[in-house]
Amino acid sequence: MKKTMNGALVLTVAALVAKILSAIYRIPFQNIVGNTGFYVYQQVYPIYGIGMTFALNGLPVFISKLVAQKNDEKQRMKIVSQVFALLSCLAIVMFLLLQVGAKVIASWMGDLQLAPLISSVSWMFLLMPFLASARGYYQGTFKMMPTAISQVSEQFVRVALIIGVALLSSNFGWNVYKTGSLAMLGSVFGAIVALLTFSTFWRYFLKKADFSADKADYYQVFRLIFKDGMIICLFSALMVLLQLVDSFTVMNALKEFGSSVTSAKFTKGIYDRGQPLVQLGMTIAISFSSTLLPSLTTALKQKKIHVYQKVSSGMLHVGSALSVAATAGMICLMPQINTLLFGDSSLSLTISIYVLSVPLISIISIYNSILQSVGNFLGTFLAVVTALVTKILLNAWLIELYGIIGASICTIVSLGAALLVLILILPRSVRQRPSEFLVFIGKLVVCIVLMTVGIIFLKYIWTLFFTLNRFNCLVFVSLSIIVGAALFIGCALKSHLFTQEEWETLPGGSKIIERNKLTK
């Protein structure tokens, strides 16, 4: 158990570093290439994001489960060989579809000039079986460090190359489509570097690989990949899938709304500013859902139902409260954050609505971990399908009615629908009593209101003396984060929002409790 928990911690830290890098690089990238250049990159990014999610999170988790179930090394290598063979066939099909269909996909997105970018990103899928198989094998044998190193090295190389391409584009005056195409190739080179970190495994694999199995065995593995593996992958890629729907619908819907092609590209580029903010907010969801699953599984195995209920309830309280507080703070400061990061405050309301995704996806991730702990993968599948169908059906219609803000509204409605599905199928054993739930919500509302009032008051005083420029916004946002955090923590302590055990799950939570006791 100690080995498992240490491994989970290593992977969680690596995933957080990778996620932060993946979110932060978009800010300087947007500043260099502008809103239209950012639109070009973000239109095709979801295709890369899906392949990356499969190779980074979804498939390795599934493969590790198959590997861990085998008792000897020969059987482990046999299952890895079979999975690798099947994934290679899938990867080749995806590669060919993207290469041959690049122009068709680009036309569906409403911009034929995106075809070279789609061709560039298709190479990523050829690397996916190699990365997923190696990561899955190591995770299945409880060796988490190779996966962690590959994740972080991949993101460092990818980010460095993308920013480098943007700087070269600025110096040489490349058009935004050439810049986007080369940036996508940077992502492929990042994956190649990640693959090189597994060179020891692939030398071992070439000696020990065993593809000898009859059709029935391969069919069984194929069925498992699509039954369980794809469900894990789809959930891991939920936000990216919603962004993919935006890629296919926003441009065409904005034209129907009355925007010119140039204006639609510019507007979509500004709308996409919300994605790095949501990704940063989602680090909360990743850290909590990653640490939650092993604890829940252990409690169930030991038949400690009370502990199971306490852990799930505590994680739900802490995860939802922190994500709501972070989102409320971002919304209060959005014009300043928008100006600080991207140079102006355009579409701040649209982006504010979009970042409401953070608490929704955080709670969805926690509920998903609860369902996975009891072996309920169908609930996750239904939630993902509900979110996607809602987004597909309503996105274009809402944009044609209200403009780009309709896309943000639709994302929130889609995630809300997915959350409702999870709540309805949640086991009764982890559902809170309505009275307890209302008490917690009441306390949380009081804490959020006091925090936002404090930030708004500080904002009012600040605007009396300072103008809205990037340096002033940097100072103001930094000060507001400190004041907002202090107000929220102080109010949470006074209102007993969290139990002592819940405080202790937070970084520095034990010290906050001790200091609070000393001041009483």
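This text goes with the structure placed above it.
Read on for a plain summary of the structure. (Residues numbered from 1 in each chain as written. Predicted model: local features only at pLDDT ≥ 70, side-chain atom pairs only at ≥ 80, totals over all residues. Heavy atoms only, no water.)

## Considerations on the overall build of the protein
Looking only at helices and strands, the protein has 22 helices and zero strands in total. Taken over the C-alpha trace, the protein has a radius of gyration of 23 Å; the compact-globule value for 520 residues is 24 Å, and the two agree within 12%. Once the C-alpha set of the protein is aligned to its principal axes, its extents read approximately 75 × 60 × 40 Å. For the protein, the proportion of its 520 residues judged to be buried stands at 55%. For the protein, the accessible area works out to roughly 22700 Å², and carbon and sulfur atoms hold 70% of it. Placing the 40 positive and 18 negative side-chain charges of the protein at their respective mean positions leaves the two points 5 Å apart. (Helix = DSSP H or I, 4+ residues; strand = E, 2+ residues; numbered from the N terminus. Rg over C-alpha atoms; globule rule 2.2 N^0.38 Å. Buried < 20%, exposed > 50% of the residue type's maximum accessible area, 1.4 Å probe, protein only. Areas by Shrake-Rupley, 256 points an atom, 1.4 Å probe, with all protein chains shown as cover. Lys, Arg positive; Asp, Glu negative; His and termini not counted. Charge placed at Lys NZ, Arg CZ, Asp CG, Glu CD.)

## Notes on the packing of aromatic side chains
Across all of its chains, the model carries 21 aromatic pairs by this definition. With 5.7 Å between their ring centres and 65° between their planes, Tyr-137 and Tyr-138 make a pair best called edge-to-face. An aromatic cluster is defined as three or more aromatic residues linked by ring pairs; in this entry it consists of Phe-84, Phe-130, Tyr-137, Tyr-138, Phe-198, Phe-201, Trp-202, Tyr-204 and Phe-205. Lying over the aromatic face of Tyr-45, Arg-26 brings its terminal NZ or CZ to 4.1 Å of the ring centre. (Phe/Tyr/Trp six-rings, centres within 6.5 Å; stacked < 30°, edge-to-face > 60°. Lys NZ or Arg CZ within 6 Å of the ring centre and 35° of its normal.)

## Considering the packing of helix H6 (residues 145-172) against helix H7 (residues 176-196)
Axis separation between H6 and H7 bottoms out at 8 Å; the angle between their running directions is 155°. Comparing the axis directions of H6 and H7 gives the class roughly antiparallel. For the element pair H6 and H7, the recorded crossing hand is right-handed. Between H6, through Ser-150, Ser-153, Glu-154, Val-157, Arg-158, Leu-161, Ile-162, Val-165, Ala-166 and Ser-169, and H7, the contact on the second element is made entirely by Thr-179, Leu-182, Ala-183, Gly-186, Ser-187, Phe-189, Gly-190, Ala-191, Val-193 and Ala-194. In terms of residue class, the contact of H6 with H7 is built from 11 nonpolar, seven polar and two charged. (Axes fitted to C-alpha atoms, helices over the stretch in contact; angles between N-to-C directions. Parallel < 35°, antiparallel > 145°, perpendicular 65-115°, else oblique. Left-handed = near helix turned anticlockwise from the far one by under 90°. Contact = heavy atoms within 4.5 Å. Nonpolar A, V, L, I, M, F, W, Y, C, P; charged D, E, K, R; others polar.)

## Description of helix H2 (residues 26-68)
Given 3.6 residues per turn, any residue in an α-helix points the same way as the ones three and four places further on. Taking 1.5 Å per residue, 43 residues should reach 63 Å; H2 reaches only 37 Å between its end C-alpha atoms and comes up short. If you look at H2, its biggest bend is around 120°, right at Gly-34. Burial within H2 is extensive, with 34 of its 43 residues counted as buried. (Expected span 1.5 Å × (residues − 1). Bend = angle between axes of the 7 residues up to and from the residue.)

## Considering the nonpolar core
Membership of the largest hydrophobic core comes to 152 residues, with the highest contact counts inside it found for Phe-29, Ile-47, Leu-59, Ile-118, Phe-201, Phe-488 and Leu-497. Element by element, the count of residues in this core is highest for H2, at 21 residues. Here Ile-118 is in contact with Val-44, Ile-47, Leu-98, Ala-102, Ile-105, Ala-106 and Met-109, once residues within four sequence places are set aside. (Core = buried A, V, L, I, M, F, W, Y, C linked by side-chain atoms within 4.5 Å.)

## Things to note about the pattern of salt bridges
If you walk through the whole model with that rule in mind, you get five salt bridges. Measuring nitrogen to oxygen at the nearest pair gives 3.0 Å for the salt bridge that ties Arg-135 to Glu-154. Placement of Arg-135 in helix H5 (residues 115-140) and of Glu-154 in helix H6 is noted, with a sequence separation of 19 residues between them. Each member of the pair, Arg-135 as well as Glu-154, carries the same accessibility label: buried. Between Lys-391 and Asp-246 there is a salt bridge whose closest N-O contact spans 3.0 Å. In this pair, Lys-391 is assigned in helix H17 (residues 378-402) and Asp-246 in helix H10 (residues 238-257), connecting sequence segments 145 residues apart. Grouping residues by exposure puts Lys-391 and Asp-246 together as buried. (Salt bridge = Lys/Arg side-chain N within 4 Å of Asp/Glu carboxyl O.)

## Details of unusual backbone geometry
Phi at Leu-347 takes a positive value of approximately 55°, unusual for a residue other than glycine. Relative to the elements of secondary structure, Leu-347 occurs in the loop between helix H14 (334-342) and helix H15 (348-354). Note on Leu-347: relative accessible area 27%, which makes it partly exposed.

## Some details on a nonpolar patch on the surface
A surface patch of nonpolar side chains, about 520 Å² in accessible area, is lined by Leu-378, Phe-381, Leu-382, Val-385, Val-389 and Leu-393. For Phe-381, the position within the fold is in helix H17. Under the relative-accessibility criterion, Phe-381 is labelled partly exposed at 34%. (Patch = residues over 30% accessible without salt bridge, like charges linked within 9 Å, V, L, I, M, F, W, Y side chains within 5 Å.)

## Here we look at the packing of H5 against H6
Closest axis-to-axis distance for the H5/H6 pair is 8 Å, and the angle between their directions is 145°. Along the contact surface, H5 presents Arg-135, Tyr-138 and Gln-139, while H6 presents Pro-146, Thr-147, Ser-150, Gln-151 and Glu-154. Looking at the contact of H5 with H6 residue by residue, the class counts come to two nonpolar, four polar and two charged.

## Focus on the environment of Ile-404
Here Ile-404 shows up in the loop between H17 and helix H18 (405-425). Counting along the chain gives 54 residues from Ile-404 to Thr-350, while the straight-line C-alpha distance between them is 7.3 Å. Every residue in contact with Ile-404, bar those within four places of it in the chain, is listed here: Val-250, Leu-254, Thr-267, Tyr-271, Leu-347, Thr-350 and Ile-399.

## A few points about the state of the cysteines
Across all of its chains, the model carries zero disulfides by this definition. Left without a disulfide partner, Cys-332 is nearest to the cysteine sulfur of Cys-491, which lies 14 Å away. (Disulfide = S-S within 2.5 Å.)

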